[in-house]
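# Observations on chain architecture
This is what each chain is made of:
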Amino acid sequence: MALTKKIYQLFEDIVGPENISNDPVVLASYQNPINRASNHMGPFYDVFTPQAVAVLLPACTEEVSNIIKVCNKYGLKLKAFSTGWSGMGYPCEDDTIQLDLRRMNKIIQIDDKNCFAVIEPYVIAAVLQAELMKYGLNTHNIGAGAQASPLASCAYLGPGPDSVFMGFSNENLLGGEWVLPNGEIVRFGTLGSGSGWHYGEGPGPSVRAVLKGLLGSMGAMGVITKVALKVYPWPGPAVLPVKGTIPAYYTELPDNFKYYTLGFPTWQAFADAQHKIWDAQIGYILHRQFNKMGCDLKAGVIRILTESDRHLNDLEELLEDPEVKRHTEEARHDFEIVLAGMTPRDIEWQEKALEEILAETGGWKVKAMQDPMRNAWGMLYLIRWGHKNLNYLYSGSYEGTAGMSGSPDFGIQHIDKVKAFKQEWDKKGMMVADGGDSSMGSVGVIGGGGGFGWEVHACFDSHSKESVEGTLEFFDAMAKFMKENRLGPEKSKHMEPMRQSDGRATPQEARNKMFGATPFPIVYKYQKKVKDAFDPYDLGDVFYKYSTD
Ligand SMILES: Cc1cc2nc3c(=O)[nH]c(=O)nc-3n(C[C@H](O)[C@H](O)[C@H](O)COP(=O)(O)OP(=O)(O)OC[C@H]3O[C@@H](n4cnc5c(N)ncnc54)[C@H](O)[C@@H]3O)c2cc1C
């Protein structure tokens, strides 16, 4: 249904004529090529999110509230995104208004005494980090990259490379401003009683939990317009000294910062070391990151990324280099760690503890990453987290598969099986043959550690119909393989339940069946009660999960 002139005018009166459009070309540019999660399957995957009836760029909370009230009055749906990097930020039903929050881009407050920052949706992590560093502070960065919005991460997921030290996003959510699906503005936590942003709870049930449990309400339960986020000490320079040129940017930090890629003789030692590091409470950043380029290729690719006169075409020749071969073998069971000492004695202690852990597990520091240039590149990569474009390095598209989230002791029993399975599929030539183990993930996942996830990267050519369809077949086969081996849900499908293959919302009946088959079906029945209470006009879409059974 196209918007009537009258309704369009009501919206235009709220945001102004420059900040609204229902021009088909503009609307088409807001359609996301629907895929399994968030990564573009490219031109040969011809399913897009349904077109919104109009796109609006509100400037403030009050405008968002007024927009929602008009939606309620005329039975429209609404979907908001911050930087819009994920498919679930786009409509999945007709008659939906798309909110693009890019005009709400201010850092409202940095409280360096109580260690929190108040931000709007379009403040990206890189900007917040740069501002915080001036105060000796730092922000949690989700694995999606420093171009993502920390506020949006209060609506969806939340682990990152620094989670062991800076938590999972919902651990950092303090006070906030939230426009409910009925247009009411709620200021939760201490903010609600006029005493500032520093605490997210308060008397009575936690409304925060309605917004963000583990996965989050994904833009289907109103719009968050401001949040206060807990921030953390940064014992480094006020400005991150970035040097070099693309793609080999690097940083040289004082001696209280150390970055290592740690290698281990076995997967058991790999898992034991994670537990010992968490128990010792060392580590500022802990992530298995560079392995996403593939266990057989990463050593060569790192050379290409750190020597600016190199090219991707050099890869095959580089893989024959004995030093590159040694790097590959040393890093078969590896992950990255950054130590940040708050004092000289602190870093000294952390280093000693790490040496002890390596001695106990038979681990080592991968020599090749001790090379000054590679080490400085790795340090910048892990601290700023601004290299997520590398997920698309080989062939323009990738998607994460496998998963096996939980204690590292679970995944280590199965990763070699998963690797062999992927190697078989790599031989079909639809995906990059990267050695089969391109698993990566946050080592810790939550504050203090405890979890590890094995997101195996499948890189494919989004401009080849064959490669796209071959990769989709692989994902289906991997899902079957994981089910047969009781390895938990296959990662690339984690969004699929909410959308059908035509990009539209999965019917309620199918959703009821799905939620009924989960270990805790009652949860989805209670979420229906929450939906009825908080969203009486049904503004939000199916990404707020509930059962009507
Ligand atoms: C390569 C890659 C790696 C990733 N790794 C991780 C990871 O390690 N950890 C992790 O947590 N996520 C990860 N993600 C998922 C990531 O969180 C999403 O892609 C997210 O979309 C990032 O973009 P964004 O911050 O702009 O959020 P958007 O894409 O703008 O939004 C994300 C979701 O939040 C909702 N939302 C956004 N803003 C608001 C608002 N103001 N009010 C209410 N709802 C809102 C949207 O509707 C959408 O459902 C990864 C994604 C990719 C592509």
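The structure presented is a predicted model; accordingly, all values stated were derived computationally and were not measured.

## Comments concerning the overall build of the protein chain
Of regular secondary structure, the protein chain possesses 18 helices and 20 strands. In terms of C-alpha radius of gyration, the protein chain reaches 23 Å, essentially the compact-globule figure of 24 Å for 549 residues. Referenced to the eigenvectors of the C-alpha coordinate spread, the extents of the protein chain come out at roughly 70 × 55 × 45 Å. The buried share of the protein chain, reckoned over its 549 residues, is 58%. Taking all contacts inside the protein chain whose residues are at least 6 apart in sequence as the whole, residues at least 24 apart take part in 71%. Of the roughly 21900 Å² that the protein chain leaves accessible, carbon and sulfur atoms contribute 55%. The centroid of the 55 positive side-chain charges in the protein chain is displaced by 4 Å from the centroid of its 67 negative side-chain charges.

## Examining the pairing of strand 20 (residues 452-461)
Burial analysis of strand 20 places nine of its ten residues in the buried class, which makes it a mostly covered element. In this structure, strand 18 (residues 396-406) lies alongside strand 20, joined through nine bridges in antiparallel fashion. Its bridge partner being in strand 20, Thr-401 is matched across the sheet by Val-456. The sheet contact formed by strand 19 (residues 439-442) and strand 20 spans two bridges and is antiparallel. Opposite Met-440, over in strand 20, you have Glu-455 as the bridge partner.

## Observations concerning the layout of surface pockets
Roughly 370 Å³ of internal volume is contained in the second largest pocket. If you trace the second largest pocket, you find 16 residues lining it, with Ile-246, Pro-247, Tyr-249, His-387 and Asn-389 closest to the centre.

## With respect to empty space enclosed by the protein
Under the defined criterion, the tally for this structure stands at six cavities of 30 Å³ or more. Looking at the largest cavity, its volume works out to about 80 Å³. Every residue lining the largest cavity is listed: Thr-139, His-140, Pro-150, Ser-153, Cys-154, Ser-169, Asn-172, Leu-229 and Lys-230. Along the lines of polarity and charge, the residues of the lining of the largest cavity split into three nonpolar, five polar and one charged.

## As for the sheet that holds strand 6 (residues 116-119)
The strand order across the open sheet formed by five strands is 5-6-10-8-9, and the pairing between neighbours is antiparallel. Only two strands of the sheet have a single neighbouring strand rather than two, namely strand 5 (107-111) and strand 9 (185-188). Sheet twist, expressed as the average angle between the axes of neighbouring strands with direction ignored, equals 10°. Against the sheet, helix 4 (residues 125-133) makes contact with strand 5 and strand 6, and its axis sits at roughly 40° relative to strand 5, the strand it touches most.

## Brief notes about the site of the ligand
Around the ligand, 33 residues are found, and the nearest of them are Ala-80, Ser-82, Thr-83, Ser-86 and Gly-158. A distance of 3.1 Å is found between an oxygen atom of the ligand and a backbone nitrogen or oxygen belonging to Met-218. With respect to the ligand, the backbone of Ile-224 contributes an N or O atom lying 2.8 Å from a nitrogen atom. Those elements that place two or more of their residues in the shell around the ligand are strand 3 (77-81) and strand 10 (223-230). Residue contributions to the shell around the ligand peak at three residues, all from strand 3. Broken down by class, the residue content of the shell around the ligand amounts to 19 nonpolar, 13 polar and one charged.

## A few points about the domain arrangement of the protein chain
Split into domains, the protein chain comes out as domain 1 (5-100), domain 2 (107-233), domain 3 (240-388), domain 4 (394-492) and domain 5 (508-549). Once you take the C-alpha centre of each, domain 2 and domain 5 turn out to be 25 Å apart. Each partner contributes residues to the interface: domain 2 has eleven residues there, and domain 5 has eleven residues. Among the residues domain 2 hides against domain 5, the three largest losses belong to Pro-181, Ala-220 and Met-221. Together they make up 49% of the total. On inspection of domain 2 and its partner domain 5, the count reaches zero salt bridges. Joining domain 2 to domain 5, the criterion identifies zero residue pairs in polar contact (both at pLDDT 80 or more). Of the residues in the side of domain 2 that touches domain 5, the class split is nine nonpolar, two polar and no charged.

## A few points about the sheet that holds strand 1 (residues 20-21)
Here we have four strands laid out as an open sheet, ordered 1-2-4-3, and mixed in their pairing. Every interior strand has two partners, whereas the edge strands, strand 1 and strand 3, have only one. Lying over the sheet, helix 3 (residues 61-74) contacts strand 2 (54-56), strand 3 and strand 4 (96-100), oriented at roughly 150° with respect to strand 3.

## Details of the side chain of Thr-506
With respect to the element layout, Thr-506 can be found in the loop between helix 16 (465-484) and helix 17 (508-516). Here Arg-499 takes part through its backbone nitrogen, which lies 3.3 Å from a polar atom of the side chain of Thr-506.

What counts, and at which threshold
Residues numbered from 1 in each chain as written. Predicted model: local features only at pLDDT ≥ 70, side-chain atom pairs only at ≥ 80, totals over all residues. Heavy atoms only, no water. Helix = DSSP H or I, 4+ residues; strand = E, 2+ residues; numbered from the N terminus. Rg over C-alpha atoms; globule rule 2.2 N^0.38 Å. Buried < 20%, exposed > 50% of the residue type's maximum accessible area, 1.4 Å probe, protein only. Contact = heavy atoms within 4.5 Å. Areas by Shrake-Rupley, 256 points an atom, 1.4 Å probe, with all protein chains shown as cover. Lys, Arg positive; Asp, Glu negative; His and termini not counted. Charge placed at Lys NZ, Arg CZ, Asp CG, Glu CD. Pairing = 2+ DSSP bridges. 1 Å grid on protein atoms, 1.4 Å probe; cavity = no way out; pocket = protein on both sides within 12 Å on 5 of 7 lines; lining within 4 Å. Points joined across faces, edges and corners; volume = space filled by probe spheres on them. Nonpolar A, V, L, I, M, F, W, Y, C, P; charged D, E, K, R; others polar. Axes fitted to C-alpha atoms, helices over the stretch in contact; angles between N-to-C directions. Near = heavy atom within 4 Å. Polar contact = N/O pair within 3.5 Å; in protein donor to acceptor, adjacent residues only side chain to side chain. Domains from an automatic or database assignment. Buried area = accessible area lost by both parts, 1.4 Å probe. Salt bridge = Lys/Arg side-chain N within 4 Å of Asp/Glu carboxyl O.

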